Amino acid sequence: MRDDVLGFMDALDLRRAALVGHSMGGMVAYLVAAERPDLLEHLVLEETPAPLPSNPPRTVPDRPEHSPFDWAVVEAVSAQRNRPDPTWWERLAQLPVPVLVVAGGQASHLPQEEQRALAERFPAARLVTIDAGHLVHETRPGTFTAVVTRFLDG
């Protein structure tokens, strides 16, 4: 997925963009940033899993009968979340762009200490918690937009 985003940015000749990602999209966003930091001015990660091994491993729920998701992708991403490439974590510490990590607070299914660790990993990051659960942008859209806009206008 990282390569798809990089190909898209290249096709549109996007340079010095602000990249915003939620959850798995945030994982893709930090992998894009690690691979090509020269393309970004800002990185925003909303409720994004840190690339750390999961112990115990996160499980994939049983496939629902009518799922809007490509279940093979769900399973592949879950495997990568449980056993990420160690270089992913290492490369985040070298990212030269400002990063905003938006955490959803205690209502989120993601461990909030993982959100703190993710923010602390970047050289220039800010952590903001908006008590909204995992879907911050959907549950508290006005607050989310204001926080992101303030960061981008920084």
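Right, let's walk through the structure included here. (Residues numbered from 1 in each chain as written. Predicted model: local features only at pLDDT ≥ 70, side-chain atom pairs only at ≥ 80, totals over all residues. Heavy atoms only, no water.)

Of all hydrophobic cores here, the largest spans 26 residues; its most connected members are Y30, L43, L45, L95, V99, L118 and F122. When contributions to this core are tallied by element, the ones reaching two or more residues are α1 (2-11), β1 (17-22), α2 (24-35), β2 (40-46), α4 (86-92), β3 (99-103) and α5 (112-121). A per-element tally of this core places α2 first, with 7 residues. What L118 contacts, discounting residues up to four positions off in sequence, is Y30, L45, T48, A50, P51, W89 and L92. Judged by nonpolar contacts, the second largest core, of 11 residues, contains V44, V102, V128 and V148. (Core = buried A, V, L, I, M, F, W, Y, C linked by side-chain atoms within 4.5 Å. Buried < 20%, exposed > 50% of the residue type's maximum accessible area, 1.4 Å probe, protein only. Helix = DSSP H or I, 4+ residues; strand = E, 2+ residues; numbered from the N terminus. Contact = heavy atoms within 4.5 Å.)

A few words on the pairing of β3. By the criterion of burial, β3 is predominantly enclosed, with 5 of the 5 residues buried. Alignment of β2 against β3, held across 4 bridges, turns out to be parallel. Of the residues in β3, the one forming a bridge with E46 is V102. (Pairing = 2+ DSSP bridges.)

Bridge count between β3 and strand β4 (residues 125-129): 5 bridges; the pairing is parallel. Each bridged residue has a counterpart across the sheet, and for V101 the counterpart in β4 is L127. Handedness of the crossover is the feature at issue here: the chain leaves β3, passes through α5, returns alongside β4, and the resulting connection is right-handed. (Right-handed = clockwise from strand over helix to strand, strands pointing away.)

In this section: the environment of H134. Its location among the elements puts H134 in the loop between β4 and α6 (136-139). Classification of H134 by relative accessible area gives buried; the value is 15%. Along the primary structure H134 and A107 are separated by 27 residues, whereas in three dimensions their C-alpha atoms are 7.3 Å apart. Within the structure, the side chain of H134 is placed 3.0 Å from the side chain of S23, a separation counted as a polar contact. A distance of 3.1 Å separates the side chain of H134 from the side chain of E47, its partner in a polar contact. (Polar contact = N/O pair within 3.5 Å; in protein donor to acceptor, adjacent residues only side chain to side chain.)

Right, let's talk about the layout of surface pockets for a bit. Empty space within the largest pocket amounts to approximately 490 Å³. Along the walls of the largest pocket sit 18 residues, with S23, M24, V74, V77 and R81 positioned nearest its centre. Per element, the largest residue contribution to the lining of the largest pocket is 6 residues, and it comes from helix α3 (residues 71-82). Quantified by volume, the second largest pocket comes out at close to 210 Å³. Lining the second largest pocket, in full, are M1, R2, D3, M24, M27, V28, L31, V73, A76, V77, Q80 and W88. Counting only elements with at least two residues in the lining of the second largest pocket, the list comes to α1, α2 and α3. Residues that form the lining of the second largest pocket fall into these classes: 9 nonpolar, 1 polar and 2 charged. (1 Å grid on protein atoms, 1.4 Å probe; cavity = no way out; pocket = protein on both sides within 12 Å on 5 of 7 lines; lining within 4 Å. Points joined across faces, edges and corners; volume = space filled by probe spheres on them. Nonpolar A, V, L, I, M, F, W, Y, C, P; charged D, E, K, R; others polar.)

Coordinates in, geometry out; function isn't part of it.
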